[in-house]
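# Coordinate inspection notes
Here is what each chain is made of, one letter per residue.
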Amino acid sequence: MSKTIQSVGVVGAGTMGNGIAQAFATAGIPVVMVDISLAAVEKGQATIAKSLDRLASKDKISEIDADAAKGRILGTTDYSKLKGADLVIEAATENFDIKVQILKQINGIVGDDTIIATNTSSISITALAATVTHPERFIGLHFFNPVPMMALVEVIRGLQSNDVTHAAVEDVAGRLNKTAITVKNAPGFVVNRILVPMINEAFFVLAEGLATAEDIDTGMRLGCNHPIGPLALADMIGLDVCLSVLEVYLRELGDSKYRPCPLLKEMVAAGRLGRKTGQGVYHY
């Protein structure tokens with residue numbers, strides 16, 4: 001038995017949600033994008049329109065295709081519009097209780113054969129799957145920011161996820177021109193499990209005065225061919241997010257190598273969270 005995904009729902013119109021909606025719409029798949037308030041929905045739709053217009057101005061997509069993609073996205077606050085979707089992706093804030101509340105709402109509306117996915121970057125897929133009626137049709141789909149540009153999707157199987165669900169989301173990732181890697185359920189999955197400790201080590205190097213922030217980032221960009229240095233990347237992600245991820249690893253995995261750098265903790269305590277506050281490692 002196989003399943004082909006032909007219509008999608010996305011819950012959350014923020015940075016990740018609107019990016020996911022854009023990716024599906026650009027690939028020719030109709031999307032219902034739901035958020036709690038009309039203002040959030042309209043902001044998400046405006047972000048998508050601006051992104052598509054920018055791609056069209058750079059000849060990455062034709063104006064006709066950009067307009068067609070906009071037309072495939074229905075923005076709404078009405079969860080009932082998710083009924084009939086083949087796949088619904090929860091892309092809300094990284095909080096277990098909020099995600100469970102949203103998943104229960106989705107679960108009460110969609111059909112028994114709908115795949116429900118979460119875009120979490122750190123929460124247990126197995127634990128979230130246990131909150132829905134058909135946990136075998138629940139899976140993790142971890143997109144990367146900015147979604148329309150980033151080529152990777154982590155497909156995370158919970159203990160309950162079945163092969164039909166896994167195959168269906170792998171297939172649709174390919175239709176989005178993205179590469180899917182399959183990951184077992186564990187804190188941080190694969191990419192963040194490797195990336196965030198690297199960022200933490202960069203903070204230790206900075207704290208020890210081995211080099212300036214600029215030289216640390218230049219070293220990793222030119223020496224390891226990274227497009228952006230780890231400290232600049234931390235500012236982009238948010239220092240508070242980096243810290244909370246490390247704290248999850250330390251708690252869940254119990255290994256002292258995930259101990260957050262005291263300098264990182266100090267900067268978060270000072271409210272220097274990166275780009276979103278105008279100051280982190282760098283000034284913005």
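Given the structure is predicted, the values throughout are model-derived calculations rather than measurements. (Residues numbered from 1 in each chain as written. Predicted model: local features only at pLDDT ≥ 70, side-chain atom pairs only at ≥ 80, totals over all residues. Heavy atoms only, no water.)

## What about the UniProt feature "site: Important for catalytic activity" (unreviewed entry) in the protein chain?
As annotated in UniProt, the feature "site: Important for catalytic activity" (unreviewed entry) corresponds to H142 in the numbering used here. Following the sequence through the fold, H142 ends up in strand β6 (residues 138-143). The exposure class assigned to H142 is buried, which follows from its relative accessible area of 5%. (UniProt positions renumbered as here; feature names shortened; annotations may be inferred. Helix = DSSP H or I, 4+ residues; strand = E, 2+ residues; numbered from the N terminus. Buried < 20%, exposed > 50% of the residue type's maximum accessible area, 1.4 Å probe, protein only.)

## A look at the domain arrangement of the protein chain
Partitioning the protein chain into domains gives domain 1 (8-184) and domain 2 (193-275). Relative placement of domain 1 and domain 2: their C-alpha centres are 28 Å apart. (Domains from an automatic or database assignment.)

## A few points about the UniProt feature "binding site: CoA" (unreviewed entry) in the protein chain
UniProt records the feature "binding site: CoA" (unreviewed entry) at S51, K58 and S121, using the numbering of this structure. Spanning 71 residues, the named residues are also spread out in space, since their farthest C-alpha pair is 30.8 Å apart. Of the annotated positions named here, the largest pocket is lined by S121. Turning to its location among the elements, K58 is positioned in the loop between α2 (38-57) and α3 (63-71). For K58, a relative accessible area of 54% gives the class exposed. Within the secondary structure layout, S121 lies in the loop between β5 (115-118) and α5 (125-129). For S121, the residues in contact, after removing those within four places along its chain, are E94, H142, G188, F189 and N192. (1 Å grid on protein atoms, 1.4 Å probe; cavity = no way out; pocket = protein on both sides within 12 Å on 5 of 7 lines; lining within 4 Å. Contact = heavy atoms within 4.5 Å.)

## Considering the environment of N177
Note on placement: N177 falls in the loop between α6 (163-175) and β8 (179-184). Sequence separation between N177 and L152 is 25 residues; the distance between their C-alpha atoms is 9.2 Å.

## Comments concerning α2
Under the 1.5 Å per step criterion, the end-to-end length of α2 is 28 Å for 20 residues, consistent within 8% with the ideal 28 Å. All of the buried residues in α2 are V41, G44, I48, S51, L52, L55 and A56. Seen end-on, α2 carries its buried residues on one side only, within an arc spanning 140°. Residues of α2 that are exposed and angled more than 90 degrees away from the buried face: L38, A39, K43, K50 and S57. Buried residues in α2 make contact with α1 (15-26), β2 (31-34), α3 and β3 (73-76). (Expected span 1.5 Å × (residues − 1). Arc of directions from axis to C-beta.)

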